[in-house]
Amino acid sequence: QVQLVESGGGLVQAGGSLRLSCAASGIIFNMAHMTWHRQAPGKERELVAEVRIGGSTHYSDSVKGRFMISRDNAKNTVYLQMNSLKPEDTAVYYCNAFLATSASNYWGQGTQVTVSS
């Protein structure tokens, strides 16, 4: 079955960095668009970054210039490098895979990122 497992979250001071990982199984990874989303308490889940099958990327305005998404198809893994972290980046970060052939979405269970001031 399809599984997405996030890791790399934790507590960091403002200005610091973290790298999140999302390991996928049960899918043909190079046929999936991969995205990172986040959800803070009391707020809706929002798109943070996207890397498509062809390698193109997209970032939300709030993280542009600070975060970088990448994928390693050989490892079936997508990463989110997070630099210059701010307290407002505090949220649970979720990995998502969109399978283009079946138009199906799959979600991981999330990893907590907390940024202290």
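Residues numbered from 1 in each chain as written. Predicted model: local features only at pLDDT ≥ 70, side-chain atom pairs only at ≥ 80, totals over all residues. Heavy atoms only, no water.

**Quick look at the nonpolar core**
- Counting 30 residues, the largest nonpolar core has M34, W36, V78, L80 and Y93 as the members making the most contacts within it.
- Contributing elements (two or more residues each) for this core: β3 (18-25), β4 (32-39), β5 (46-51), β7 (67-72), β8 (77-82), β9 (91-99) and β11 (111-116).
- Per-element tally for this core: the top contributor is β9, with 5 residues. (Core = buried A, V, L, I, M, F, W, Y, C linked by side-chain atoms within 4.5 Å. Buried < 20%, exposed > 50% of the residue type's maximum accessible area, 1.4 Å probe, protein only. Helix = DSSP H or I, 4+ residues; strand = E, 2+ residues; numbered from the N terminus.)

**Let's talk about the pattern of salt bridges**
- The final tally for this structure, using the stated rule, is 5 salt bridges.
- The residue D89 makes a salt bridge to R66 at a minimum N-O spacing of 2.8 Å. One end of the pair, D89, is in the loop between β8 and β9; the other, R66, is in the loop between β6 (57-59) and β7, with 23 residues separating them in the sequence. Of the two residues, D89 and R66, both sit in the buried class.
- Connected through shared salt-bridge partners, R38, E46, R66 and D89 make up one network. (Salt bridge = Lys/Arg side-chain N within 4 Å of Asp/Glu carboxyl O.)

**Focus on the sheet that holds β8**
- Here 4 strands make up an open sheet; going across it, the order is β1-β3-β8-β7 and the pairing antiparallel. Edge positions in the open sheet fall to β1 (3-7) and β7, since each of these has one partner strand only. The average undirected angle you get between the axes of adjacent strands in this sheet is 15 degrees.
- Of the pairings in the sheet, the one linking β7 to β8 comprises 6 bridges and is antiparallel in character. Each residue of the ladder has a partner; that of F67, found in β8, is M82. (Pairing = 2+ DSSP bridges. Axes fitted to C-alpha atoms, helices over the stretch in contact; angles between N-to-C directions.)

**Overview of the state of the cysteines**
- Applying the stated criterion across every chain, the model contains 1 disulfide.
- With a sulfur-sulfur separation of 2.1 Å, C22 is cross-linked through a disulfide to C95. Every disulfide takes its handedness from the sign of the S-S torsion; for C22 and C95 that torsion is -80 degrees, giving left-handed. One end of the pair, C22, is in strand β3; the other, C95, is in strand β9, and 73 residues separate them in sequence. (Disulfide = S-S within 2.5 Å.)

**Quick look at the packing of aromatic side chains**
- Taken as a whole and judged by the stated rule, the model has 0 aromatic pairs.
- Lying across the ring of Y94, R45 places its NZ or CZ 3.7 Å from the centre.
- Above the plane of the ring of W107 lies R45, whose end atom (NZ or CZ) is 4.7 Å from the centre. (Phe/Tyr/Trp six-rings, centres within 6.5 Å; stacked < 30°, edge-to-face > 60°. Lys NZ or Arg CZ within 6 Å of the ring centre and 35° of its normal.)

Worth remembering: the numbers are spatial, not functional.
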